[in-house]
Amino acid sequence: MSKTVIMDHPLIRHKIGLVRRKETGSKDFRALIGEIAMYMCYEATRDLKLQDVEIETPICRTTVKELSGKKLAVVPILRAGIGMVDGMLAMIPAAKVGHIGLYRDPKTLDPVEYYCKLPADIAEREVFVVDPMLATGGSSSAAVQMLKEKGAKHIRFMCIIAAPEGVERMQKEHPDVDLYIGALDDHLNDHGYIVPGLGDAGDRIFGTK
Ligand code: PRP
Ligand code: URA
């Protein structure tokens, strides 16, 4: 049974408050998205498996814990997901990185695929798909579908801000995927933007508007 986790850590909530502000410029916005991703990664990796390993300290032999099980992969949805990658890798530096290119058609709001490059052994990895925004859910659902078609079986999705419409869609179309959400917002407006949201994440990260 998959789960939906909404972050309640005060540091995450504080930083999401900063990132929403319209006066936050690209440089700070980018840094905040990276920091939030790092804290969220900490929460989203809480249930990774550990195994006992015998080691020697300078004093004696002892048993310590070490990560076991599947290797990890981080897969950002381009463009905005790129803003979360460094924060994720700060926590899980050995993870491989794949890229899925999708943009939302501004009229239909349907996702349009333009790129997909994944680690060759993606089927054996625990995959963290990252995108700051989950709005209609079209992009995230399509990205997860692409990963499944390439053989990935263990997929988690992380976003900083979600709309209820997107969460419902992900739960319906991919009930096996755990969702990690920084903040759950109120609704989508007529243009498919999250309210109150933070605007266009890609444009704010890359300064394209
Ligand atoms: C944004 C965002 C998500 C998508 C969410 O990307 O980063 O990928 O919209 O909307 P959805 O849930 O309704 O699909 P956008 O299409 O603006 O592309 P960009 O990251 O290249 O700016
Ligand atoms: N994509 C964004 O970047 N922001 C939204 O509010 C919705 C989709």
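Above this text is the structure in question.
It should be emphasised that the depicted structure is a prediction, and the values quoted were computed from it without experimental measurement.

Student: I'd like a description of the pattern of salt bridges, backed by residues and values.
Tutor: Side chains that carry opposite charge are capable of pairing whenever their charged atoms lie near each other. Evaluated as defined, the whole model comprises 15 salt bridges. The shortest N-O distance in the salt bridge between Glu43 and Arg46 comes to 3.5 Å. Take Glu43: its relative accessible area is 18%, and that puts it in the buried class. Accessibility expressed as a relative area gives 60% for Arg46, which makes it exposed. Arg156 is the partner of Asp47 in a salt bridge, and the nearest nitrogen-oxygen pair spans 2.9 Å. Taken as a pair, Asp47 in the loop between α2 (26-44) and β2 (50-56) and Arg156 in strand β10 (residues 154-162) lie far apart in primary sequence, 109 residues in all.

Student: Kindly report on the packing of aromatic side chains, identifying the contributing residues and their values.
Tutor: In total, this model carries 1 aromatic pair according to the counting rule given. Seen in terms of ring centroids, Tyr103 and Tyr114 are 6.1 Å apart; in terms of plane orientation they differ by 35°. Their pairing is tilted. Of this pair, Tyr103 sits in strand β6 (residues 99-104) while Tyr114 sits in strand β7 (residues 111-117), placing them 11 residues apart in sequence. According to the relative accessible area criterion, Tyr114 is partly exposed, its value standing at 43%. A cation over an aromatic ring shows up here: Arg104 above the ring of Tyr193, its NZ or CZ 5.7 Å from the ring centre.

Rules of the game
- Residues numbered from 1 in each chain as written.
- Chains lettered and ligands numbered in written order.
- Predicted model: local features only at pLDDT ≥ 70, side-chain atom pairs only at ≥ 80, totals over all residues.
- Heavy atoms only, no water.
- Salt bridge = Lys/Arg side-chain N within 4 Å of Asp/Glu carboxyl O.
- Buried < 20%, exposed > 50% of the residue type's maximum accessible area, 1.4 Å probe, protein only.
- Helix = DSSP H or I, 4+ residues; strand = E, 2+ residues; numbered from the N terminus.
- Phe/Tyr/Trp six-rings, centres within 6.5 Å; stacked < 30°, edge-to-face > 60°.
- Lys NZ or Arg CZ within 6 Å of the ring centre and 35° of its normal.

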